[in-house]
Amino acid sequence: MNFQQLRSIREAARRGYNLTEVANVLFTSQPGVSRQIRELEEELGVEIFERNGKRLTGLTQPGKGILQIIDRLLLEAENLRQASQEYAGEKSGTLSVATTHTQARYVLPQVVQSFRSTFPNVRIALQQSSPEHIAEWVISGKADVGIATEGLSQFEELVSFPCYQWSHVIVVPEGHPLTHLHSVSLEDLAAYPLITYDVGFTGRSHIDDAFRQAGISTDIVLTAMDSDVIQQYVSLGLGVGIVASMAVEQSRGGRLHAIEVPHLFAPNVTRLAVRRGAYLRSYTYEFILQFAPELKRSDIETALNIGGA
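Since the structure is predicted, the reported quantities are computational estimates derived from the model, not experimental observations. (Residues numbered from 1 in each chain as written. Predicted model: local features only at pLDDT ≥ 70, side-chain atom pairs only at ≥ 80, totals over all residues. Heavy atoms only, no water.)

A. The arrangement of the nonpolar core in detail. Of all hydrophobic cores here, the largest spans 46 residues; its most connected members are Phe287 and Phe291. Here this core takes six residues from helix 5 (residues 101–118), the largest share from any one element. Discounting chain neighbours no more than four positions away, the residues touching Phe287 are Leu95, Val97, Leu108, Val111, Val112, Phe115, Val145 and Ile147. (Core = buried A, V, L, I, M, F, W, Y, C linked by side-chain atoms within 4.5 Å. Buried < 20%, exposed > 50% of the residue type's maximum accessible area, 1.4 Å probe, protein only. Helix = DSSP H or I, 4+ residues; strand = E, 2+ residues; numbered from the N terminus. Contact = heavy atoms within 4.5 Å.)

B. Molecular detail of the sheet that holds strand 4 (residues 122–128). Strand order in this open sheet of five strands is 4-3-5-12-6, and the pairing throughout is mixed. Edge positions in the sheet fall to strand 4 and strand 6 (158–166), since each of these pairs with one other strand and no more. Along the sheet, successive strands turn relative to each other by an average axial angle of 20 degrees, direction set aside. Note: strand 6 against strand 12 (residues 268–275), eight bridges, orientation antiparallel. Each bridged residue has a counterpart across the sheet, and for Ser160 the counterpart in strand 12 is Ala273. The sheet contacts of helix 6 (residues 131–140) involve strand 3 (93–99), strand 4, strand 5 (145–148), strand 6 and strand 12, and relative to strand 5 the element is tilted by about 165 degrees. (Pairing = 2+ DSSP bridges. Axes fitted to C-alpha atoms, helices over the stretch in contact; angles between N-to-C directions.)

C. Seen up close, the pairing of strand 5. The side-chain alternation of strand 5 yields two buried faces, one formed by Val145 and Ile147 and the other by Gly146 and Ala148. By the bridge criterion, three bridges tie strand 3 to strand 5 in an arrangement that is parallel. Paired with Val97 across the bridge in strand 5 is Val145. Pairing geometry for strand 5 and strand 12, over three bridges, is antiparallel. In the sheet register, Ala148 faces strand 12, and the bridge partner there is Arg271.

D. Local environment of the environment of Phe119. Its place among the elements puts Phe119 in the loop between helix 5 and strand 4. With relative accessibility at 13%, the residue Phe119 sits in the buried group. Here the alpha-carbon distance between Phe119 and Val243, two residues 124 residues apart in the chain, equals 33 Å. Not counting residues within four places of it along the chain, the set of residues in contact with Phe119 comprises Tyr283 and Glu286.

E. Representation of helix 8 (residues 204–214) in the model. Along helix 8, the positions that sit buried rather than exposed are Arg204, Ile207, Ala210 and Phe211. Angularly, the buried residues of helix 8 cover 130 degrees about the axis, an arc narrow enough to put them on a single face. Turned more than 90 degrees away from the buried face of helix 8 sit Arg212 and Gln213, all of them exposed. In this fold, the buried residues of helix 8 make contact with strand 7 (168–173), helix 7 (186–190), strand 8 (194–197), strand 9 (220–224) and strand 10 (240–244). Gly215, located one to two residues past helix 8, shows a positive phi value of around 70 degrees. (Arc of directions from axis to C-beta.)

F. Examining the pattern of salt bridges more closely. Counted under the stated rule, the structure contains eleven salt bridges. A salt bridge links Glu11 to Arg15; the shortest N-O distance between them is 3.0 Å. For Arg204, the salt bridge identified is with Asp208, shortest N-O distance 2.8 Å. Of the two residues, Arg204 and Asp208 are both situated in helix 8; the distance of four residues between them amounts to about one turn of the helix. (Salt bridge = Lys/Arg side-chain N within 4 Å of Asp/Glu carboxyl O.)

G. Structural detail: the packing of aromatic side chains. Inspection of the entire model under this criterion finds six aromatic pairs. Pairwise contacts between aromatic rings join Phe115, Phe119, Tyr283 and Phe287 into one cluster. Taking NZ or CZ as reference, Arg297 lies 4.0 Å from the ring centre of Tyr285, over its face. (Phe/Tyr/Trp six-rings, centres within 6.5 Å; stacked < 30°, edge-to-face > 60°. Lys NZ or Arg CZ within 6 Å of the ring centre and 35° of its normal.)

As structure tokens, then:
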């Protein structure tokens, strides 16, 4: 039994049983992957995969249990590597952070700047995508830390922590009729075409929930992943924008006006997630604590050890 066999099994499950993709990921050949899988099955005396001819089509029932063990073994192998570097006193490395555009653009710059002053030899790799992909990257080990508002608490493979709370705000061009109202209602807002986030991004679910519960139909004419893109189209007069409070730009030459509406939409909580059971380097703890100062390292260690949140 060897790690290449274990990686072949894991990647086959992750890549939809496409051995060509598995071979590309593992930098080997498709026949090599097939051989690694078959040799491990023969050694264990168990069929891990269901087959249609030579093509893998799924996991057998025993294979599902074996895959969980393989995931743990490979995770512990990575933990061993991380621990050896930590105990050897190495203060260098790469911290991979997967996050959304809003977090990377408006929240993380100050944290990254502070972190770099403490750990100048640690390279930071920022990866931006949807919350679903962020979770997948952390689970697979492609990212050390995931930060997003949507979705991270829904994955059993992750341990996530609440970091800070924020609200949505309305952005409109200066002089827009909504700026003259004492208090904006959902009915007032729905009278205009709306521009906001794609489904699954930056608290979009709370926006949809508010209108649905009020029984009010909306005309969402444009959606985007990026807050600055939304504000750009608002400045062009295409509609009323709904964006995250921390993403409101005050530097558009006075063309946009922000209206706080905490009474309209439920508050949002940005969460930070790490892979359950992962060994975290000291600089990873430091990054987490700088992003979420209310957390304590002991709380994080306890959650990782007991698998809690």
